[in-house]
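Listed below, chain by chain, are the residues.
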Amino acid sequence: MMVVAVWSVIIVMSCFVFLMLCSIPALWPFLVMYMIWIFCIDTSPAYGSRLSPWFRSLKIWQYFAEYYPASLLKECDLPADRPYVFGYHPHGIIGMGALATFATEATGFSKAFPGIKPHLLTLTNNFHVPLYREVILSLGISSVSRQSCSNILSRGAGQAITIVVGGAAESLSARPGTADLTLKRRLGFIKVAIQHGADLVPVFSFGENDIYNQMPNEKGTTVYALQKKFQSMFGFTLPLFHGRGLLNYNLGLMPYRRRIVSVTGRPIHVQRCEKPPLEEVERVHQKYIEELTRIWNTYKDEFAKTRLRELSIVD
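Presented here is a report on the structure given in the accompanying data block. Given the structure is predicted, the values throughout are model-derived calculations rather than measurements. (Residues numbered from 1 in each chain as written. Predicted model: local features only at pLDDT ≥ 70, side-chain atom pairs only at ≥ 80, totals over all residues. Heavy atoms only, no water.)

## Details of the sheet that holds strand β3 (residues 117-122)
Here comes step 1: Spatially, 7 strands are ordered β1-β10-β7-β2-β5-β3-β4 in an open sheet, and the strand pairing comes out mixed. Every other strand in the sheet has two partners, leaving β1 (70-74) and β4 (142-143) as the edge strands with one partner each.
Here comes step 2: Both β1 and strand β10 (residues 260-264) contribute to a ladder of 5 bridges, which runs parallel. By the bridge assignment for β10, S71 is matched with V261.
Here comes step 3: Against the sheet, helix α11 (residues 188-195) touches β2 (84-89), β5 (159-164) and β7 (199-206), its axis set at about 140° to β7.
Here comes step 4: Helix-sheet contacts for helix α13 (residues 278-303) involve β1, β2, β7 and β10, and the interaxial angle to β7 is about 30°. (Pairing = 2+ DSSP bridges. Helix = DSSP H or I, 4+ residues; strand = E, 2+ residues; numbered from the N terminus. Contact = heavy atoms within 4.5 Å. Axes fitted to C-alpha atoms, helices over the stretch in contact; angles between N-to-C directions.)

What follows is the structure, encoded as structure tokens:
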């Protein structure tokens, strides 16, 4: 539980520790050099070059996964003779299942898919947070920029990126018992996969939307309008959510203790093409949606028994 509690506030803790360090004049020269390193020199977020197998395999991540518990369900083997693009759905509020499955060895990713080196992708802004960035870089987490995707996939066979496709827009509709996916117009990750000849692997994470509650923010409300405005200005948004506390189960920033099962579907093979026509991108996109829907229909009665409605593909 403590590992989950710490991770829930790790960004705040990192900023606090950094500010405390800034209060020590003797450290100022080192801190200035560190900030220059972050903003002007270090290119690791765009290459995923800091991944540490040792750090990903620490026992603390197993405790993290066991809290929910989070697990990985593999439908078929993936040969390590090609690169892969995993599409993760739904985004949820924070994406705890994505972290447990693709940024650590807590659910046994490397045992399930030997020879494949995963890189979970996140917003570039996260790599501007001192100290916190060092943690996520060690987990192999990289920037979700197009250049980063290209840099990693260009290294060839066995390289894999995981994109939480719905992004900030989808997080605004993350509520227990629902599966509203922002996917209809998300073609960028399909195009990237085709350009690098990377097979697409849909991943549906049952329970991801169930670990937090979100305040009402239906389309047309002032809250929703402000959240979308914030997203347009800063590239991310702030869902008004709550979970449980460390000593209570009613209010806090910790996620609720509810099972997360990430199902990796059947790969969709693509033919490499540097400039794929729109028709080809849309064709592969449709196959991707069909495979994702198949995963939902196959496992919904086992892992989504308390659902309030069926899977919905929106925007």
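## What about the packing of aromatic side chains?
Here comes step 1: Considering all chains together, one arrives at 23 aromatic pairs under this definition.
Here comes step 2: Centroid distance F18 to Y34: 6.4 Å. Interplanar angle 50°. Geometry classified as tilted. Placement of F18 in helix α2 (residues 10-22) and of Y34 in helix α3 (residues 28-41) is noted, with a sequence separation of 16 residues between them. No difference in accessibility class separates F18 from Y34, as the two residues are buried. (Phe/Tyr/Trp six-rings, centres within 6.5 Å; stacked < 30°, edge-to-face > 60°. Buried < 20%, exposed > 50% of the residue type's maximum accessible area, 1.4 Å probe, protein only.)

## Comments concerning the pattern of salt bridges
Once the charged atoms of two side chains with opposite charge are near each other, the side chains can pair.
Here comes step 1: For the structure shown, the criterion picks out 15 salt bridges.
Here comes step 2: For R309, the salt bridge identified is with D180, shortest N-O distance 2.5 Å. With a gap of 129 residues between them, R309 in the loop between α13 and β11 (312-314) and D180 in strand β6 (residues 180-182) connect regions that are remote in the sequence.
Here comes step 3: Looking at D180, the relative accessible area reads 12%, which means it is buried.
Here comes step 4: A salt bridge links E280 to R283; the shortest N-O distance between them is 2.8 Å. (Salt bridge = Lys/Arg side-chain N within 4 Å of Asp/Glu carboxyl O.)

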